[in-house]
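# Notes for the structure review
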Amino acid sequence: MVIISSIASFGASVAGFIGLGTVGFGTQVVLGLGAQIALGAAIRALTPKPQLPSVAPRGYTVNQRGSALDHQIIYGRAKVGGAVVFTSTTGTNNKFLHQVVAYAGHEIEEFEDIYINDARVTGIDGSGNVTQVTLPDGSTSGRYNGYIRIKQHLGSPTQTADTDLVSEVPEWTTQHRLQEIAYLYIRYAFDADIFPNGVPEVTTTIKGKKVYDPRTDTTVWSDNPALCIRDYLTNGYGLDEETANIDDTLVEAAADVCDQTNTVASTTRYTCNGNFTTGTAPVEVLQDLLSSMGGTLWYAQGEWRMKPAYWVAPTLEFTEDDLRSSVAVKTRHSRRDNFNTIRGTFRGDETDWQITDYPEVTNAAFLSADNGQESVADIELPFTDNSIEARRLSRITLERNRQQLTVSASFGLRAFQAQIGDVIQLSLSRFGWSQKEFEVVGWTFGLAEGLDLQVQMTLREISENVFDEVDDGVVYERDNTTLLSPFEVPAVGISLTSVARVIREKALNSLDVTVTSSSSERIDHVEVEYKLSSASDWIRFSTGQLGRYEILDLEPDNYDVRARAVNTFGIKGEYTVSEDFKVDAFAGPPANVTNFSFEVVDNTLNLSWDAVPDLDLSHYKLRYSIAQSSAAWSDATTAQEKVSRPGTNTSFPLRSGSYMIKSYDKGGIPSNDYTTLVVPTTYLPSYTTTLTQTEDSTFSGSKTGVSVVSSGLRLTSPVSANTTGTYEFSNYIDTSSSRIVWARIESNPARVDDSAGLFDDLPGLFDSLPGLFDSLGSDSQIDDTNVLFYIATTEDDPAGSPTWSDWKQFRAGNFYGRAFKFKIELKTTSDNISPNITSLDAIVEYN
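Let me sum up the structure you'll find in this document. (Residues numbered from 1 in each chain as written. Predicted model: local features only at pLDDT ≥ 70, side-chain atom pairs only at ≥ 80, totals over all residues. Heavy atoms only, no water.)

## Quick notes on the overall build of the protein chain
Stated precisely, the cut-off is as follows: Each helix is a run of H or I in the DSSP string that is no shorter than four residues. Each strand is a run of E no shorter than two, and both are numbered from the N terminus. Exposure categories follow from relative accessible area, calculated using a 1.4 Å probe and restricted to protein chains: below 20% of the type maximum is buried, above 50% is exposed, and the middle band is partly exposed. Two residues form a contact once any of their heavy atoms are found within 4.5 Å. Note that accessible areas follow from Shrake-Rupley with a 1.4 Å probe, and for residues the cover is restricted to the protein chains shown.
Helix and strand counts for the protein chain come out as eight helices and 56 strands. Within the protein chain, buried positions represent 49% of all 847 residues. Long-range pairs, those at least 24 residues apart, make up 69% of the contacts in the protein chain with a sequence separation of at least 6. Element-wise, carbon and sulfur atoms account for 46% of the exposed surface of the protein chain, whose accessible area totals about 38,600 Å².

## Here we look at helix H8 (residues 387-402)
Inclusion rule: By this rule the span expected of a helix is its residue count minus one, scaled by 1.5 Å. Here a polar contact means two N or O atoms within 3.5 Å. Within protein one must be a hydrogen donor candidate and the other an acceptor candidate, and residues neighboring in sequence count only if both atoms are side-chain atoms.
Along its 16 residues, H8 runs 22 Å from first to last C-alpha, staying within 8% of the 22 Å computed at 1.5 Å per residue. Counting buried positions along H8 gives 14 out of 16 residues, so the element sits mostly inside the fold. One side-chain oxygen of the residue at the start of H8 lies 3.3 Å from the amide nitrogen of Ile388, identifying that residue as Asn386.

## Some words on the sheet that holds strand E42 (residues 649-653)
Condition: Only when DSSP finds a minimum of two bridges between them are two strands counted as paired. Angles shown run from 0 to 180 degrees and are taken between the N-to-C directions of axes, each axis being a line fitted to C-alpha atoms and, for helices, limited to the stretch in contact.
Taken in spatial order, the three strands line up as E38-E39-E42 in an open sheet, and their pairing is antiparallel. The strands lining the two open edges of the sheet, one partner per strand, are strand E38 (597-601) and E42. Neighbour-to-neighbour, the strand axes of the sheet open up by a mean angle of 25°, direction not taken into account. Here five bridges tie strand E39 (residues 604-608) to E42, and the two strands are oriented antiparallel to one another. When the bridges of E42 are listed, Ser608 appears paired with Asn649.

## Points about the pattern of salt bridges
Where we set the bar: By definition, a salt bridge exists where a carboxyl oxygen of Asp or Glu is found within 4 Å of a side-chain nitrogen of Lys or Arg.
One pass over the structure, following the stated rule, counts 37 salt bridges. In this structure, the salt-bridge partner of Lys209 is Asp231, at a minimum N-O distance of 3.2 Å. Residue Lys209 is located in strand E15 (residues 202-213), and its partner Asp231 is located in helix H4 (residues 225-234); the two are separated by 22 residues in the primary sequence. The same class applies to Lys209 as to Asp231, namely buried. For Asp734, the salt bridge is made with Arg818, and the minimal N-O distance between the two is 2.9 Å. Linking Asp734 in strand E50 (residues 733-747) with Arg818 in strand E54 (residues 812-828), this pair joins segments that are 84 residues apart in sequence. The partly exposed category is assigned to Asp734, whose relative accessible area is 29%. For Arg818, a relative accessible area of 18% puts it in the buried group. One network of salt bridges, in which partners are shared, links Glu527, Glu529, Arg540, Arg562, Arg564 and Lys572.

## A word on unusual backbone geometry
Trans peptide bonds make up most of the peptide bonds, and negative phi angles are found at most residues other than glycine. Omega for the peptide link from Arg645 to Pro646 comes to 10°, which places this bond in the cis form. If you trace the backbone, Pro646 turns up in the loop between strand E41 (637-644) and E42. For the peptide bond that leads from Asp696 to Ser697, omega is 5°, which places it in the cis range. You can see Ser697 is positioned in the loop between strand E45 (689-694) and strand E46 (702-704). For Asp240, which is not glycine, the phi torsion reads 55° and is therefore positive. Relative to the elements of secondary structure, Asp240 occurs in the loop between H4 and helix H5 (248-259). Although it is not a glycine, Asn595 adopts a positive phi angle of roughly 55°. Mapping Asn595 onto the fold places it in the loop between strand E37 (576-583) and E38.

Now the structure itself:
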């Protein structure tokens, strides 16, 4: 029995690419992912009803049979099926089945991996015999040894016929060379036990087409999107365009951008990995290819040009002098064209080549601007094979869409220097624009009335921030298509946490049991049991879904917990046991804060830290000291009284010095120690002018409830808790004219104790005192003092009769005015305790 399938021609009619024949001189036509979403009007010049890319493969994912199947084209890497172009049987009782499966209609780099059904071939001897396969669970098997032989042919233009196939199958001759066809010749030896379900499916991961790189004048394999698009434009199965009609200068620039390494996971900026058949319309193929670099492709002045999604600094500026018409401004999209969330799918190694949702991209500010109504755009990326690139492309598309200001106008011939994708600056005083940045999204050149040569441009606002690299930590779950035995029950994991509960005003010890599994889709329910570690009998606690179970009101003691899974067939798995777990949730303070770090953005200091894991965590408290070494918690001021759980970051005006942080539980008990980070003075911006008002050591300003003792400013009578006092600086700072300044107060408050130092004078409850018993007399962990800073401003001459603003509490910041005056407020919450200030300066800086 012989079945021979004809191999379809490479030829793909360019006539299907609607609109190319009608594009005249002076018009730039746009195609690309950005065009599909943001430049709808321009794409309609090519085709009335453009379709967004579909991640559903346009090529073969499983092996196909037919009399005239289209060639498959593979750019980059892809896991594909092929076209079965020849089938024959030989031997006694048709023992051997011979198949030729064509996977690509061109020469490829290599067959990376070959799969027999879901088993990956990991052993082939010199004759092509499959000696070993690796199963999805990681185990290996030699079941096909002696039963399957695979010969690889990469599709070279000088390829010769397979010698084994010629010698064993009469119908296949030396003239059956399949030149420029990448194929596998597969021979099966019949055995009902080896092949109980018939002929297996053979798929393969292929490094595909070799493409020309004008940068090196070489033709080699590459997954660079710019080079793949150039190959499609110039190839017979694509547009069959002359190479002279390709702007290779822009191709080289685009290829360099795609090859750049980005900061997130050190990944290449853009790659192109996917497949399609020659039966796919060219406009659809180009849209899919362009989606992999978020790019645009246009035809202008007889050449094809391209640009990936990246920032290009503007080189041209246009003003009112360049205008030749009125200016049409559209400030916002219609609701139909606006979106604040992007979802979609991709496929690649990361998902075992299964179509999978990439993490959605959204923006809270955009959602708020849309009155909280979610508007979703589905953008599928068929030539993007990893979630990092998928999110990068989606984020750029989302942010470009929200740059909504669109301008249309006619310009003079100077605009002839601009082209699609360029970023220009537009200065129009009527609109208050000074070098405002726009991207050219439409360009037409021709004669206007009066035979005046003009360039009509459509401009869309753009920002360099659109192309910033951002990773916001969104996670996703992959599809899992591996089917396992129904009699296998996955193991479960158990995590235990001792939790404090207050129920009906009674404090309870609870045991939080979390049951998890990496194969949740195979579990119908779980069974959870527990017992005292010293007991022998288990107590059935609950039967239910994977997740969290809470065992309430346990006596402080050690407990054992076990759980097992039951699948949908009622088969029970093995118990996972956690033994000797101590349940006593009220013991001990919360953990110290870790990974306390900072970053500086302009004049803002952003602090962040890892979340403290204690379930009874309430909040974090931050203190600040001007000292950059040996700073103490007690000798600091309160920077922020409370950052409530689950917050793990906060921001302050930029000041150098030491920042300290503690965690507090719901009972008000602090962590044993504070964590300190130092912001060096080198992070402060440099100003040309610095004015300082120094108050120490005489402190001659106005005092209310404060006194000077031994050259230190302190509360006069801190004999009762919650005492306050104020000190107003003796003089103001005059900058001679109104301006924006950066102002701050620098002081070094130290905690002083006027009591006799008795054991009974220690603050708070005995059980809540921080630190070790031997250090209870130390005040390094106490925060019962504070100093608040205030500023008032005036734009008047302070030597005359100025009008001052109200006092405003501040730490540091930008203020506007001519003169500035300052005061501080000293506070204590403990008897006989006061802050003691020996150094006090107000500083005003400006350029």
